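Okay, here's what each chain looks like letter by letter:
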Amino acid sequence: MEPAAERSRRLDFAKSAPKVFRALIGFDAAAREGLDPALVELIQIRASLLNHCAYCLHMHTNDARKAGESEDRLHMVAVWREARHFFTEKEQAALALTEAVTRVADAGVPDDVHADAAAVFDEEELAHVLALILTINTWNRVALSTAKVAGTDERR
């Protein structure tokens, strides 16, 4: 574990690359357009779990709670395949796609995962789901690379 003093010397991405940071915020906002807010949070939580990003996981579980998400469903995101009855068909397809895209280096995005998502989302929705998965994976990497600390939501 890195000492706190070493972690504090990490790059402040937003200040060091403000145009890039604002572009990422814009990409994130555009990706969310037209998507159910509950679905947005489930995707962000699942990717953050897979990427071991405590900063984003803390932020998005809190956002989900504030939006009315149940504790039961939040606890089941990590094991959604064993608890499918907690999630709609669309949510299951989005979670599977989130896993495939997040772990793209392992096996690409399998045709059946894409087909399942394409069966429940129209093309525009599917494009937005994919964009959201890309943005949360980017945010996870920014947070992990700059040693963001869980519980210190800097959006406020």
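Everything here concerns the structure above.
Visitor: Would you take a moment to explain a negative patch on the surface for this structure?
Guide: On the surface, Glu33, Asp122, Glu123 and Glu124 cluster together into a negatively charged patch. Inspection of the secondary structure puts glutamate 33 in the loop between α3 (18-32) and α4 (37-50).

Visitor: What is the right way to look at unusual backbone geometry in this model?
Guide: Excluding glycine, residues mostly have negative phi values, and the peptide bonds linking residues are mostly trans. Although it is not a glycine, histidine 52 sits at a positive phi angle of roughly 60°. Among the secondary structure elements, histidine 52 is positioned in the loop between α4 and α5 (54-66). One non-glycine residue with positive phi stands out, namely alanine 147, at about 60°. On the accessibility criterion, alanine 147 (12% relative accessible area) is buried.

Visitor: It is not clear to me how the packing of α4 against helix α7 (residues 89-102) should be interpreted in this structure. Could you clarify?
Guide: To describe two helices that pack against each other, one gives the angle between their axes and the distance between the axes. Where α4 contacts α7, the two axes come as close as 9 Å, and the packing angle between them is 35°. In this structure, the crossing between α4 and α7 has a hand that is right-handed. From α4, Leu39, Leu42, Ile43, Arg46, Ala47 and Leu50 reach across to α7, where they touch Lys90, Glu91, Ala94, Leu95, Thr98, Glu99 and Thr102. Looking at the contact of α4 with α7 residue by residue, the classes come out as 7 nonpolar, 2 polar and 4 charged.

Visitor: Even after reading the chapter, I still don't get the pattern of salt bridges, so can you show me in this structure?
Guide: It is possible for side chains of opposite charge to pair when their charged atoms get near one another. Inspection of the entire model under this criterion finds 8 salt bridges. Here arginine 32 and aspartate 28 are joined by a salt bridge, their closest N and O atoms 2.5 Å apart. Here arginine 32 and its partner aspartate 28 are both found in helix α3, 4 residues apart, which amounts to about one turn of the helix. When its relative accessible area of 27% is taken as the criterion, arginine 32 is described as partly exposed. When salt bridges with common partners are traced through the structure, they connect Arg46, Arg81 and Glu99 into a single cluster.

Visitor: Would you take a moment to explain the packing of α7 against helix α10 (residues 123-145) for this structure?
Guide: The interhelical angle for the contact between α7 and α10, taken along N-to-C directions, is 45°, at an axis separation of 10 Å. Between α7 and α10, the angle is such that the two are oblique. As for how α7 packs across α10, the hand of that crossing is right-handed. Of α10, the residues touching α7 (which contributes Lys90, Ala94, Leu97, Thr98, Val101 and Thr102) are Glu125, Leu126, Val129, Leu130, Ile133, Leu134, Asn137 and Arg141. Looking at the contact of α7 with α10 residue by residue, the class counts come to 8 nonpolar, 3 polar and 3 charged.

The rules behind each value
- Residues numbered from 1 in each chain as written.
- Predicted model: local features only at pLDDT ≥ 70, side-chain atom pairs only at ≥ 80, totals over all residues.
- Heavy atoms only, no water.
- Patch = residues over 30% accessible without salt bridge, like charges linked within 9 Å, V, L, I, M, F, W, Y side chains within 5 Å.
- Areas by Shrake-Rupley, 256 points an atom, 1.4 Å probe, with all protein chains shown as cover.
- Salt bridge = Lys/Arg side-chain N within 4 Å of Asp/Glu carboxyl O.
- Lys, Arg positive; Asp, Glu negative; His and termini not counted.
- Charge placed at Lys NZ, Arg CZ, Asp CG, Glu CD.
- Helix = DSSP H or I, 4+ residues; strand = E, 2+ residues; numbered from the N terminus.
- Buried < 20%, exposed > 50% of the residue type's maximum accessible area, 1.4 Å probe, protein only.
- Axes fitted to C-alpha atoms, helices over the stretch in contact; angles between N-to-C directions.
- Left-handed = near helix turned anticlockwise from the far one by under 90°.
- Contact = heavy atoms within 4.5 Å.
- Nonpolar A, V, L, I, M, F, W, Y, C, P; charged D, E, K, R; others polar.
- Parallel < 35°, antiparallel > 145°, perpendicular 65-115°, else oblique.

Nothing here speaks to function; it is all geometry.
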